[in-house]
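# Structural overview for review
One-letter residues, chain by chain:
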Amino acid sequence: MSEVIDGKKFAEGLRQRIAQAVTDLSRQHRITPGLAVVLVGENPASQVYVRNKSRQTREAGMESFEFRLSADTSEHELVGLVERLNNDPKVHGILVQLPLPGHIAEEKVVNMISVEKDVDGFHVENVGKLSIGEDSLVPCTPAGCIMLLKDRLGDLSGKRAVVIGRSNIVGKPVSMLLLRHHCTVTIAHSRTRNLPEVCREADIVVAAAGVPEMVKDDWIKPGAVVIDVGINRVDSGEGKGRLVGDVDYEKVADVAGALTPVPGGVGPMTIACLLRNTLIATCRQVGVTVPDCIA
Ligand code: NDP
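This text gives an overview of the structure that appears in the document. In this text, all values refer to a predicted model and were calculated from it rather than measured experimentally.

### A closer look at the sheet that holds strand β5 (residues 160-164)
Reading across from one edge, β1-β11-β8-β7-β5-β6 is the order of the six strands in this open sheet, with parallel pairing throughout. Of all the strands in the sheet, just β1 (3-4) and β6 (184-188) have a single pairing partner and so form its edges. Bridging between strand β8 (residues 225-228) and strand β11 (residues 258-259) involves two bridges; their strand directions are parallel. Within β11, the residue paired with Val226 across the bridge is Leu259. The strands touched by helix α6 (residues 140-153) within the sheet are β1, β7 (204-207), β8 and β11, with β8 carrying the most contacts at an inclination of about 160 degrees. The sheet contacts of helix α7 (residues 171-180) involve β5, β6 and β7, and relative to β5 the element is tilted by about 170 degrees.

Quick look at the structure:
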């Protein structure tokens, strides 16, 4: 039976370290990190995410600025708000919750956010910096995956990693981060041939395809570490939905060395890494060294 990688517990510890660093920053430099979250429309999942992000921001001792705009907000109005937040010294991080309504060009809005305040790490300049190995704000879910892997494995150098998925928010950035940590990385996607065979070569498998329980036990090399990013709601057969990952947990647990559960694995790391990015962004903006305790 494999070790369960407890993302919930790790994220709690990280949030506590962030809260301590926020207290120190405010005592020593009289600065309180501020995170602005912008929600356009009434997407129910986005509303839950925004509520959780704001609550955890406040719990970490940071200032939370929440902007809830109606679904018919124009692109011009949204860009105007982003520009105001870019220029507001109390705001160190800006997150525009995606997806945006269809009449707004997401890419345009994301690229309007000041690079230094782009705590989602989706600005094209931060994406570029990540790919050429420069310091940047790194997307939260991929950063969380790497923290869990480093905690479990220590040095990742020389490991063979397979990432299933090539999206801009998970697959590509997690692959870039694994490369930065000197893994030999294969990026798999829907056109990859013989995916089970490709995965069997890996010491690390990161599953981010959005396909419920796709990864089976015979895809995994005994002892490999498996990070399941997928969050899929499936019918539990009792008229209720239940959350599953991209990995067939029960089966893969017999083979893998360690494995993240869903829920309670990567998911809780995402908001913790958003707070971490907000603290990093604040420190860089005010010229204070980023504390080692959140590395
Ligand atoms: P996308 O739909 O944007 O990308 C999915 C990727 O998986 C694509 O590159 C696609 O390939 C690939 N893929 C799809 N089906 C297969 C298949 N059968 N075999 C191999 N590759 C396949 O999804 P996201 O990256 O946004 O999200 C992935 C999962 O992670 C989702 O379940 C999502 O809910 C979850 N997620 C979880 C987060 C968290 O906080 N834990 C945060 C973000 C996402 P191709 O490019 O060829 O189409």
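Here the narrative resumes, following the displayed structure.
### Re helix α3 (residues 75-86)
With twelve residues, α3 should reach 16 Å at 1.5 Å per residue; the first-to-last C-alpha distance of 16 Å fits that figure. Along α3, the residues that are buried comprise Glu75, Leu78, Val79, Leu81, Val82, Leu85 and Asn86. For α3, the angular spread of buried residues about the axis comes to 155 degrees, placing them on one side. Set apart from the buried face of α3 by more than 90 degrees, the exposed residues are His76 and Arg84. Its buried side turned inward, α3 meets β2 (34-40), β3 (63-69), β4 (93-96) and α4 (106-110).

### Details of the site of the ligand
Taken together, 22 residues sit near the ligand, with Arg166, Ser167, Ser190, Ile231 and Thr270 positioned nearest. In the environment of the ligand, a nitrogen atom lies 3.5 Å from a nitrogen or oxygen atom belonging to the backbone of His189. Asn232 places a polar side-chain atom, nitrogen or oxygen, 3.5 Å from an oxygen atom of the ligand. Burial of the ligand by the surrounding chains reaches 68%, relative to a free accessible area of 920 Å². The class makeup of the residues in the shell around the ligand is eleven nonpolar, ten polar and one charged.

### Re the sheet that holds β3
Strand order across the open sheet formed by three strands is β3-β2-β4, with parallel pairing between neighbours. The outermost strands of the open sheet, each flanked by one partner alone, are β3 and β4. Averaged over neighbouring strand pairs, the angle between their axes works out to 15 degrees when direction is ignored. Both β2 and β3 contribute to a ladder of seven bridges, which runs parallel. Residue pairing for β3: Val40 is matched across the bridge by Leu69. Sheet strands in contact with helix α2 (residues 44-59) are β2, β3 and β4, and its direction is about 160 degrees off that of β3.

The rules behind these values
Residues numbered from 1 in each chain as written. Predicted model: local features only at pLDDT ≥ 70, side-chain atom pairs only at ≥ 80, totals over all residues. Heavy atoms only, no water. Pairing = 2+ DSSP bridges. Helix = DSSP H or I, 4+ residues; strand = E, 2+ residues; numbered from the N terminus. Contact = heavy atoms within 4.5 Å. Axes fitted to C-alpha atoms, helices over the stretch in contact; angles between N-to-C directions. Expected span 1.5 Å × (residues − 1). Buried < 20%, exposed > 50% of the residue type's maximum accessible area, 1.4 Å probe, protein only. Arc of directions from axis to C-beta. Near = heavy atom within 4 Å. Polar contact = N/O pair within 3.5 Å; in protein donor to acceptor, adjacent residues only side chain to side chain. Areas by Shrake-Rupley, 256 points an atom, 1.4 Å probe, with all protein chains shown as cover. Nonpolar A, V, L, I, M, F, W, Y, C, P; charged D, E, K, R; others polar.

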